[in-house]
2 protein chains.
Amino acid sequence: MTGLPMTVPDPALPARVRIHEVGPRDGLQNEKTAVPTAVKAEFIRRLAAAGLSTVEATSFVHPKWVPQLADAEELFPLLHGLPVRLPVLVPNERGLDRALALGAREVAVFASATESFARANLNRTVDEALAMFEPVVIRAIEAGLKVRGYLSMCFGDPWEGAVPVGQVVRVTKALADMGCDELSLGDTIGVATPGHVQRLLTELDGAGVPVSRLAVHFHDTYGQALSNTLAALRHGVTTVDASAGGLGGCPYAKSATGNLATEDLVWMLDGLGIETGVDLAALTATSVWMAEQLGRPSPSRTVRALSHKE
Amino acid sequence: MTGLPMTVPDPALPARVRIHEVGPRDGLQNEKTAVPTAVKAEFIRRLAAAGLSTVEATSFVHPKWVPQLADAEELFPLLHGLPVRLPVLVPNERGLDRALALGAREVAVFASATESFARANLNRTVDEALAMFEPVVIRAIEAGLKVRGYLSMCFGDPWEGAVPVGQVVRVTKALADMGCDELSLGDTIGVATPGHVQRLLTELDGAGVPVSRLAVHFHDTYGQALSNTLAALRHGVTTVDASAGGLGGCPYAKSATGNLATEDLVWMLDGLGIETGVDLAALTATSVWMAEQLGRPSPSRTVRALSHKE
């Protein structure tokens, strides 16, 4: 199986993509059993060693809401000196204070494109949530940090169904105007299809949000994540979120979030000759190791296929 | 979840796609436990009722090689009168005789793009296999049948690795020149990526094999089937092979073939506003029913997501 995938570039696609690895944060946050802090640190070290240049490390949310990431204060210092970007999620000013105290250089806030999810997740209206984030973003920028704005439910919402594109554009632009360096467009329930992706990206262009500031964050709940990624690449997007081994998307759980597996993404990008800096074999070995720690197989098809052959 | 996926067409893609459903043949042929003939017939009836216009019904191969489909003579008459196309696989003249005796109107032959697989699967060289198929194709055409030519290992081969595009073009053209109405390009081990798909389709154009005669048959072994399909649609392909529920691709078996799940395909095509005639809810219900018959869950992500919500 050497020489596979065969590399055949498509000149209409970018030459290089930066993968924003979310496994240690988005992937682990819903794990039921506690993952030891030392295992998380080792996971992040192995991801960095596999060539991922950005690894979202943890979240400074209140431990009551995400107990799995309650060890952020213990974990973050263990990562000191790793030669990669290590953004952390901060839900509010208190979270930002904690992240700043530990020397974080990048933070992310987590907004919603829909009223229903803003209410369910943050107990606020969309605009109230934006108002809550504004001082976080401003203070982070003043402190010299890079700030990413996550926008969830960009393509559909479990309560509202389809989400009007104009509504997504309005909230994305508000986060951009607030000063977020990067906007990650999340298909939280995995319902997007390629035409929908193209329309959102086109309307964001028209609203003056440049594609260079956009990232895409697709979920594989309906198996659509990679074709949506291809549509986004064709539009010029060069930052793609993915989760090593597809963590966060246990296929048999009702709570499946179904993150795009980083390995499935890298297989496609390798085949297209798009540089990522990632060593697929090392990444797969990392996900196999992490699956052993969690005691269940990876839902990534590429991890399964490559590890069956080992 | 009404109104999802949201329909947003892409004018660069075809308005209509014909799905060539392979579940009852390609999906079931490797099942270890015997599936009763009546269940197979009911499966095909339900697929037809869900709007699939072409359902590959069975194979007239020697029972010694594919015991699961040894009931072709019993099954085929049960389908009499179904208002859909019901192609059947025929490996040789003896198989064609059996299919003709039962009144089959469409047959398919199964060739290989690589010497290794021709040797493993047919115990012949590529050219010897083509020579064996020639009288089958000629006699089928004389009898007024439509003939499909399957070509396996078009993008990679487990023994040879990457397969030169020119080699695939040569064998595809030979099948086209022989008189096959339709050529189905198979990624048997699931290793293709979108640029590779585009290059093969472009070279087939150049060799005078029109895209209107091509079908694509992608496997999801590495999670690539749907993005490869999108690349093929962009090139003008309008016939796509898929297997209801992803049958034939048990994700935990070493022998995983990983057929593209019809439901995952229909979700994307529905979102793109591409007509297929398929009712996704009825199709999903059919795959849930079939999974109960087989005693294990469907590997289709769309089937899992939609049936969790029921």
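Scroll up for the structure.
Computed from a predicted structure; not experimentally measured. (Residues numbered from 1 in each chain as written. Chains lettered and ligands numbered in written order. Predicted model: local features only at pLDDT ≥ 70, side-chain atom pairs only at ≥ 80, totals over all residues. Heavy atoms only, no water.)

(A) Quick peek at empty space enclosed by the protein. Scanning the entire structure with this criterion turns up five cavities of 30 Å³ or more. Lining of the largest cavity is provided by 16 residues; of these, A:Asp220, A:Gly223, A:Leu226, B:Asp220 and B:Gly223 occupy positions nearest its centre. When contributions to the lining of the largest cavity are tallied by element, the ones reaching two or more residues are helix H9 (225-234) of chain A together with helix H9 (225-234) of chain B. For the lining of the largest cavity, a count of residues per class yields six nonpolar, four polar and six charged. (1 Å grid on protein atoms, 1.4 Å probe; cavity = no way out; pocket = protein on both sides within 12 Å on 5 of 7 lines; lining within 4 Å. Points joined across faces, edges and corners; volume = space filled by probe spheres on them. Helix = DSSP H or I, 4+ residues; strand = E, 2+ residues; numbered from the N terminus. Nonpolar A, V, L, I, M, F, W, Y, C, P; charged D, E, K, R; others polar.)

(B) Layout of the packing of H9(B) against helix H10 (residues 262-271) of chain B. All names here are of chain B. For the pair H9 and H10, the least separation of the axes is 11 Å and the interaxial angle reads 45°. The pairing of H9 with H10 is recorded here as oblique in orientation. Both H9 and H10 take part in a crossing whose hand is right-handed. Here Leu226, Thr229, Leu230 and Leu233 of H9 lie close against H10, whose contacting residues are Asp264, Leu265, Met268 and Leu269. Taken together, the residues that form the contact of H9 with H10 break down as six nonpolar, one polar and one charged. (Axes fitted to C-alpha atoms, helices over the stretch in contact; angles between N-to-C directions. Parallel < 35°, antiparallel > 145°, perpendicular 65-115°, else oblique. Left-handed = near helix turned anticlockwise from the far one by under 90°. Contact = heavy atoms within 4.5 Å.)

(C) Seen up close, helix H4 (residues 93-101) of chain B. Residue and element names in this part refer to chain B. Buried within H4 we find Gly95, Leu96, Arg98 and Ala99. Taken around the axis of H4, the buried residues stretch over an arc of 160°, which confines them to a single face. In H4, the exposed residues that point more than 90 degrees away from the buried face are Arg94 and Ala101. If you follow the buried residues of H4, they end up packed against helix H3 (72-78), strand E4 (88-89), strand E5 (106-112) and helix H6 (126-142). The distance from a side-chain oxygen at the start of H4 to the backbone nitrogen of arginine 94 is 3.3 Å, and the residue carrying that oxygen is asparagine 92. Of the residues one or two after H4, glycine 103 is the one with positive phi, at around 85°. (Buried < 20%, exposed > 50% of the residue type's maximum accessible area, 1.4 Å probe, protein only. Arc of directions from axis to C-beta. Polar contact = N/O pair within 3.5 Å; in protein donor to acceptor, adjacent residues only side chain to side chain.)

(D) Expanded view of the relation of the copies chain A and chain B. Relative to chain B, chain A is turned by 180° and slid 0.0 Å along the rotation axis, the superposed coordinates differing by an RMSD of 0.0 Å. Taken together, the turn and the small shift mark the pair as related by a two-fold rotation axis. Relative to the rotation axis, the closest C-alpha in chain A is found at A:Ser227, a distance of 2.1 Å. When you check the interface residues of chain A against chain B, 100% turn up at the interface there too, and the contact is symmetric in its surfaces. (Least-squares fit on C-alpha atoms with pLDDT ≥ 70 in both.)

(E) Spotlight on the pairing of E5(B). All names here are of chain B. In terms of burial, E5 is largely enclosed, as six of its seven residues are buried. In terms of strand pairing, E4 meets E5 through two bridges, oriented parallel. Across the sheet, leucine 89 pairs through a bridge with alanine 108, a residue of E5. Assessed by its sense of winding, the connection that carries the chain from E4 through H4 to E5 is right-handed. Across seven bridges, E5 lies against strand E6 (residues 146-152) in parallel orientation. Counted as the bridge partner of valine 107 is valine 147 from E6. (Pairing = 2+ DSSP bridges. Right-handed = clockwise from strand over helix to strand, strands pointing away.)

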